[in-house]
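Per-entry structural report
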Amino acid sequence: MLAVSGLHAQNNPNPGYWQQHADYKMEVAMDVKTYRYTGKQELVYTNNSRDTLTRVFYHLYNNAFQPGSEMDARLKAIADPDKRMVKSFKNGAKTVTESRISSLKPDEIGFLKINNFMQDGVAAANKVSGTVLEVTLAKPILPGKSTKFTLDFEGQVPLQIRRSGRNNAEGVALSMTQWYPKMAEYDFEGWHANPYIAREFHGVWGNFDVKITIDKDYTIGGTGYLQNKNEIGKGYEDAGVAVKYPKGAKTLTWHFVAPNVHDFAWAADNNYAHDKIMGENNTELHFLYKNTPENKEGWKKLQPKTAEVLAYFNKTVGPYPYKQYSVIQGGDGGMEYAMCTLITGRSYEGLVSVTTHEFGHSWFQHVLASNESKHGWMDEGFTTYIEGLAMRALMPPANAEEAEASPFADSYAGYYYMVKSGTEQPLSTYSDRFDSNRNYGIASYSKGCIFLSQLGYVIGEEKLAETIKRFYKDYKFTHPTPNDIKRTAEKISGAHLDWYLIDWTQTTNTIDYGIKEVKEEGNATKVTLERIGRMPMPIDIIVAYADGSQESFYVPLQMMRYIKDNPFPKLKRTVLADWDWGYQTFEFTINKPKADIRVIMLDPTQHMADVNQDNNIYMPEGK
Ligand SMILES: [Zn+2]
């Protein structure tokens, strides 16, 4: 338990950067029959801001799972509700959906009730408002000062509707995520006491010390290092240790410590298999899954692959900073938490891809803790990007066609589909404010992934790879923002990239460049390009000739003040004049007769997300 986040905060290169700090101590007792739990929480909160705080806010996420909650209302209103959260019926030809939250009975809902709230031993007024506890402080917290909050809580684990809950579809008893009173984050943008409507999270960096008392037949996996592993056993004990429980013990108390994280999650079941292997840099990889015959093959084969994924991300992004990571069967698909993930599934391929994605979030969310509610594309998109790289490197492509395709082809296809639908909203849209789940998904996962893959096109692949490593090194254990990835790319490459961040993330401007005209001029050929879309881009061009040779041309974008390295080092490249955005067309000359030209192609990598690719290629008829 080191109070290190103050130190790490100094790594963040933004002048005057600060972040709040929260040290939690919790003791909780779970009744596995009633799905109710009671606990005590002690939270030492340090105000590193320059502001005096008179109120604080806690998330009480469990309260979302009640009929009439804001989550319930949104589920009924949205055009394409999450299938996991609704029941579907056929009414003639029509499919009707019904919110599963609406029909929860009192003993099936989730709740989190708070009692005895004190600040430094003095009662503080507080009020529950939906999924948020509003606290009026007994005494203001001055800049640089700490205060101790204590409270008692009583919770009920809801039937699994989304992410957390009891008895998930695969029979896992307890998926304990978003389960405790969690301090909302206050950062340079102010409070983020967001209601829990659907989307993801933002939290305060700090340390957790958690004791969980539960029926002795249950095995727990989760965030943190088990302190009493040789008393608990269950696969956590050191080799050779024979674990003995006290005579007549009905419960065990598990003691976890998690340093420098911003959340704490766990899952428990009375029929978990638990395997442990050693990964790179002495990182213990734990696997907890239902001990059933149909699970065995996939979950066993997953284990050495997870070690490869760890090594791949260590190399590609930066060293994983904890000594443990747990892949736990639970939840409702795949969701990332500090030092662990809860996933579902049993096929080897499915388990590898979901584990690769969720493990990727350890870098892009649980170390680089961007605000998921505001910038979902930074964690989902960047994770999708490194997942794509890792899957390509570690899993053999199914066929030659797949091996040829960009690992991000699906992201581009999804983005083009969304643009065509005419319903796109900018990436900067607050996550809960997307009109449809589909567009939230395509925006944050696919368009967010393209932010990076296309940045590789813009500044060059090597500069992108360096940017990712530098971003991790500079911003780990802090809350990076969109400007921070842009500034990192600028510092690494020297390019100016304001236009890229703004157009791609704050607007729905699209890219469309085309070949307008190819004209013979004496012994040479004049090519006219045109810009049709609003978004600017530098242009790579490949020209193939009748004799089989090829050459490339590069049109720098004036506002970038930058010439990228030649992406096709085997070809001769001609760097043309800058193209200033305000001009609709651009002309250049190929020093060969038109009859010799077989193909002219814009961006052969297809990593420039050009929404109309028909005009990107010139192929004279009959060739
Ligand atoms: Zn994700």
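Residues numbered from 1 in each chain as written. Predicted model: local features only at pLDDT ≥ 70, side-chain atom pairs only at ≥ 80, totals over all residues. Heavy atoms only, no water.

**Comments concerning the overall build of the protein**
Along its length, the protein carries twelve helices and 33 strands. At 27 Å, the protein has a C-alpha radius of gyration in line with the 25 Å of a compact globule built from 623 residues. In terms of its C-alpha atoms, the protein occupies a principal-axis envelope of roughly 95 × 60 × 55 Å. Looking at the protein residue by residue over its 623 residues, the buried ones come to 57%. Sequence-distant contacts, at least 24 apart, represent 70% of the contacts inside the protein between residues at least 6 apart. Working note: accessible area of the protein is about 25,300 Å², and carbon and sulfur atoms make up 50% of it. Averaging the locations of the 69 positively and 75 negatively charged side chains of the protein gives two centres separated by 4 Å. (Helix = DSSP H or I, 4+ residues; strand = E, 2+ residues; numbered from the N terminus. Rg over C-alpha atoms; globule rule 2.2 N^0.38 Å. Buried < 20%, exposed > 50% of the residue type's maximum accessible area, 1.4 Å probe, protein only. Contact = heavy atoms within 4.5 Å. Areas by Shrake-Rupley, 256 points an atom, 1.4 Å probe, with all protein chains shown as cover. Lys, Arg positive; Asp, Glu negative; His and termini not counted. Charge placed at Lys NZ, Arg CZ, Asp CG, Glu CD.)

**Comments concerning helix α5 (residues 348–363)**
The terminal C-alpha atoms of α5, which comprises 16 residues, lie 23 Å apart, in line with the 22 Å expected from a rise of 1.5 Å per residue. Taken across its 16 residues, α5 has 13 buried, putting it largely inside the fold. Positioned one or two residues after α5, Gln-365 has a phi angle of 160 degrees, which is positive. (Expected span 1.5 Å × (residues − 1).)

**Some thoughts on the coordination of the zinc ion**
Around the zinc ion, the protein supplies His-357 (NE2), His-361 (NE2) and Glu-380 (OE) as donor atoms, at distances of 1.9 to 2.1 Å. Site description for the zinc ion: donor spacing in sequence, H-x3-H-x18-E. With a gap of 23 residues between them, His-357 in helix α5 and Glu-380 in helix α6 (residues 376–394) connect regions that are remote in the sequence. Classification of Glu-380 by relative accessible area gives buried; the value is 1%. (Donors = N, O, S within 2.8 Å, 3.2 Å for Na, K, Ca; no water.)

**Some points on the packing of helix α9 (residues 437–459) against helix α10 (residues 461–475)**
Running from amino to carboxyl end, α9 crosses α10 at an angle of 130 degrees, the nearest separation of the two axes being 7 Å. Here α9 is positioned oblique relative to α10, judged by the angle of their axes. In terms of crossing hand, the pair formed by α9 and α10 is right-handed. On α10, the residues that touch Leu-452, Ser-453, Leu-455, Gly-456, Tyr-457 and Ile-459 of α9 are Glu-461, Lys-463, Leu-464, Thr-467 and Ile-468. (Axes fitted to C-alpha atoms, helices over the stretch in contact; angles between N-to-C directions. Parallel < 35°, antiparallel > 145°, perpendicular 65-115°, else oblique. Left-handed = near helix turned anticlockwise from the far one by under 90°.)

**Overview of the sheet that holds strand β31 (residues 585–590)**
What the three strands build is an open sheet, ordered β26-β27-β31; its pairing is antiparallel. Pairing within the sheet leaves two strands with one partner each, and these edge strands are β26 (513–521) and β31. Strand after strand, the sheet turns through a mean of 20 degrees between neighbouring axes, direction not considered. (Pairing = 2+ DSSP bridges.)

**Some words on the nonpolar core**
Core analysis: the biggest nonpolar cluster contains 174 residues, and Trp-179, Leu-529 and Met-537 have the highest contact counts within it. The element that contributes the greatest number of residues to this core is α9, accounting for eleven residues. Excluding anything up to four places from it in sequence, Leu-529 contacts Gly-514, Ile-515, Lys-516, Ile-539, Ile-541, Val-555, Trp-579, Gln-584, Thr-585, Phe-586, Phe-588 and Leu-602. (Core = buried A, V, L, I, M, F, W, Y, C linked by side-chain atoms within 4.5 Å.)

**What to know about the packing of aromatic side chains**
In total, this model carries 51 aromatic pairs according to the counting rule given. Geometrically, the ring pair formed by Tyr-320 and Trp-363 is tilted, given 5.5 Å between the ring centres and 45 degrees between the ring planes. Linking Tyr-320 in the loop between α4 (293–316) and β23 (324–329) with Trp-363 in helix α5, this pair joins segments that are 43 residues apart in sequence. Relative to Tyr-440, the ring of Phe-434 has its centre 5.8 Å away and its plane inclined at 70 degrees; by these criteria the two rings are edge-to-face. By the burial criterion, Phe-434 is buried, and Tyr-440 matches it. Taken together, the ring pairs connect Tyr-24, Tyr-37, Phe-153, Trp-179, Tyr-180, Phe-208, Tyr-236, Trp-254, Phe-256, Phe-264 and Trp-266 into an aromatic cluster. When the ring centre of Tyr-440 is taken as reference, the NZ or CZ atom of Arg-199 above it lies at 3.7 Å. (Phe/Tyr/Trp six-rings, centres within 6.5 Å; stacked < 30°, edge-to-face > 60°. Lys NZ or Arg CZ within 6 Å of the ring centre and 35° of its normal.)

**Notes on the sheet that holds strand β30 (residues 573–575)**
Here we have five strands laid out as an open sheet, ordered β30-β29-β28-β32-β33, and mixed in their pairing. Strands at the two margins of the open sheet, each flanked by one partner only, are β30 and β33 (617–618). Judged from the five bridges that link them, strand β28 (residues 539–545) and strand β32 (residues 597–602) form a sheet pairing that is antiparallel. Residue Ile-541 lies in a different strand from β32, and its bridge partner there is Leu-602.

**Looking at the pairing of strand β6 (residues 111–119)**
Note: β6 against strand β10 (residues 146–156), seven bridges, orientation antiparallel. The partner of Gln-119 across the bridge, within β10, is Phe-149. Examined bridge by bridge, β6 and strand β7 (residues 122–123) share two bridges and lie antiparallel to one another. Paired with Met-118 across the bridge in β7 is Ala-123.

**Side note on the pattern of salt bridges**
For the structure shown, the criterion picks out 31 salt bridges. Of the charged contacts, one joins Arg-162 and Asp-82 as a salt bridge, the two residues approaching to 3.3 Å between their closest N and O atoms. On the criterion of sequence distance, the pair formed by Arg-162 in the loop between β10 and β11 (165–166) and Asp-82 in the loop between α2 (70–77) and β4 (86–91) is long-range, its members being 80 residues apart. Judged by relative accessible area, which is 13%, Arg-162 ranks as buried. (Salt bridge = Lys/Arg side-chain N within 4 Å of Asp/Glu carboxyl O.)

**Quick word on the environment of Ile-450**
Within the secondary structure, Ile-450 sits in helix α9. Separated by 35 residues in sequence, Ile-450 and Tyr-415 have C-alpha atoms that sit 8.7 Å apart.

**Quick word on the confidence of the model for the protein**
Chain-level statistics for the protein give a pLDDT mean of 96 and a share of 98% at 70 or above. Taken together, the stretch residues 1–9 has pLDDT below 50 and engages in 19 contacts with residues farther than four places along the chain or on a different chain. (pLDDT = per-residue confidence, 0-100.)

**Looking at the pairing of strand β22 (residues 283–290)**
Put simply, side chains in a regular strand alternate between the two faces of the sheet. Of all eight residues making up β22, seven are buried, and the element is well covered by its neighbours. Summarising the sheet, strand β21 (residues 272–279) and β22 pair through eight bridges and their orientation is antiparallel. Paired with His-274 across the bridge in β22 is Leu-288. One ladder, built from five bridges, connects β22 with β23; its direction is parallel. In the strand pairing of β23, Glu-284 is matched with Gln-324. Crossover handedness for the path β22 to α4 to β23: left-handed. (Right-handed = clockwise from strand over helix to strand, strands pointing away.)

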